Structure formats: C-alpha cells, structure tokens
Amino acid sequence: MPLWTIHHTPGIFTAQDKRELASRITDGYARAGLPRFYVVTLFQATAPEDFYVGGEPTTVGVRITIDHIARRAPDSENRRRITQWINQILTPTLERHPGLHWEFHIDETSEELWMINGLVPPPGGSEAEQRWARENAVSAY
C-alpha cells in the first residue's frame, strides 16, 4: 500500500488539482501491478503559521511523506528510479507555484505490519493479488 500524505499551505491545490494528482499517483502504481485501492492519497492543508521551513514560517510549502508497504525497493538503483518517477508525477503540478518550497521522502514498512479490511494482503505478484487488482476489491484468498 502506498500512502501519500501531502501537507500543504492553503491555495496550493484546487479540488481539480487534487483529483488529477491523486489519479496520476494511482495510475502509476496500477501500471506496476498494484490494485488501485492500495493507493491512498491524503491532502492536509496546514496554515502558514504552522508550516515552518528552516525555523521560519512559509506561505507556500508542500511536504510529502510516502509510505511504501506493498513493495520494497531492492537496491539503490531502484530507489533512485522510484524517486525520479515520483518527481515526474509531482513536478507538473508544483512547478506552477513560484517560490514554492517542496520536498518528499519515502519510508518502507514491512508488509507483515499491514492489513486491509481485516485481511493480510496476498503476496506481491501472486494470482490472488492479481485478482484483487482486476476486481479492484478486497476478497478472501
């Protein structure tokens, strides 16, 4: 499960921006074989007086934390490829804001510490996971 939490100052994203960005994020993971419902994107507006960069409040900022649970990058080359892919997803939306400070990081969590609707997800790439992706729904396996 990728969980993207996007902390942002007000006015950075319109409702349409949010929908488009969440769709681009989800589409990318779906192309990699993950069920679409694995992907959760949360937008958290944060007032400038509560958003500090370098000890100073910022009026235009975005800080993204990404939790990868369903898959783990096996090596440095794959981690770099993933960060470049994420950068390509974000840049078209974020480059429209002059002076915007933005950054992201990715944490990888063990899939053994994850459940959906009370079920342990099937192993990555298994027939059960492929069925979940086709049906876009959780089911017993």
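Residues numbered from 1 in each chain as written. Predicted model: local features only at pLDDT ≥ 70, side-chain atom pairs only at ≥ 80, totals over all residues. Heavy atoms only, no water.

**Student:** Would you take a moment to explain the overall build of the chain for this structure?
**Tutor:** Within the chain, the regular secondary structure consists of three helices and six strands. When the helices and strands of the chain are listed from N to C terminus, the series reads β-α-β-β-β-β-α-β-α. Across its three principal axes, the chain shows a C-alpha extent of roughly 50 × 35 × 25 Å. Counting across all 141 residues of the chain, residues that qualify as buried make up 37%. Considering only intrachain contacts with a sequence separation of at least 6, the fraction spanning at least 24 residues in the chain is 71%. Charge centroids of the chain, computed over 14 positive and 18 negative side chains, lie 6 Å from each other. (Helix = DSSP H or I, 4+ residues; strand = E, 2+ residues; numbered from the N terminus. Buried < 20%, exposed > 50% of the residue type's maximum accessible area, 1.4 Å probe, protein only. Contact = heavy atoms within 4.5 Å. Lys, Arg positive; Asp, Glu negative; His and termini not counted. Charge placed at Lys NZ, Arg CZ, Asp CG, Glu CD.)

**Student:** Is there a simple way to explain the pairing of strand β6 (residues 101-108) in this structure?
**Tutor:** Across a regular strand the side chains alternate sides, sitting on one face of the sheet and then on the other. Where strand β5 (residues 61-68) and β6 come together, eight bridges link them in parallel fashion. Residue pairing for β6: His-68 is matched across the bridge by Glu-108. Crossover β5 to β6 through helix α2 (residues 76-94) is right-handed. (Pairing = 2+ DSSP bridges. Right-handed = clockwise from strand over helix to strand, strands pointing away.)

**Student:** Explain the side chain of Ser-139 here, please?
**Tutor:** By the secondary structure assignment, Ser-139 is in the segment after α3 (127-135). Within the structure, Ser-139 has its side chain in polar contact with the side chain of Arg-131 (distance 2.6 Å). Not counting chain neighbours up to four residues away, the residues in contact with Ser-139 comprise Leu-119, Arg-131 and Trp-132. (Polar contact = N/O pair within 3.5 Å; in protein donor to acceptor, adjacent residues only side chain to side chain.)

**Student:** Which parts of the structure should I look at to understand the UniProt feature "domain: Tautomerase cis-CaaD-like" (unreviewed entry) in the chain?
**Tutor:** Mapped onto this structure's residue numbering, the UniProt feature "domain: Tautomerase cis-CaaD-like" (unreviewed entry) falls at residues 1-136. Helix makes up 33% of residues 1-136 and strand 24%, and the two end C-alpha atoms of the span are 13 Å apart. (UniProt positions renumbered as here; feature names shortened; annotations may be inferred.)

**Student:** Looking at this structure, I do not really get α3. What am I missing?
**Tutor:** Each α-helix turn comprises 3.6 residues. Residues three or four places apart therefore point the same way. Looking at α3, one finds that the buried residues are Ala-128, Glu-129 and Trp-132. Buried residues of α3 fall within an arc of 100° about the axis and therefore sit on the same side. Positive backbone phi, at 50°, marks Asn-136, one or two positions downstream of α3. (Arc of directions from axis to C-beta.)

**Student:** Explain the sheet that holds strand β1 (residues 2-8) here, please?
**Tutor:** Working definition: the strands of a sheet are paired by backbone hydrogen bonds and lie parallel or antiparallel to each other. Taken in spatial order, the four strands make up an open sheet running β2-β1-β5-β6, and their pairing is mixed. For this open sheet the edge positions go to β2 (40-45) and β6, each flanked by a neighbour on one side alone. Geometrically, the sheet is characterised by an average inter-axis angle of 15° between neighbouring strands, direction not taken into account. When β1 meets β5, the two strands line up antiparallel, connected through seven bridges. By the bridge assignment for β5, His-8 is matched with Val-62. Together, β1, β2 and β5 form the strand contacts of helix α1 (residues 15-31), whose direction differs from that of β1 by roughly 155°. The sheet contacts of α2 involve β1, β5 and β6, and relative to β6 the element is tilted by about 145°. (Axes fitted to C-alpha atoms, helices over the stretch in contact; angles between N-to-C directions.)

**Student:** I'm lost on the pairing of β2 in this one. Help?
**Tutor:** In this sheet, β2 lies alongside β1 in parallel orientation, the contact comprising six bridges. Following the sheet pairing, Trp-4 is matched in β2 by Thr-41. In this region the chain leaves β1, passes through α1 and returns to the parallel neighbour β2; the handedness of that crossover is right-handed.

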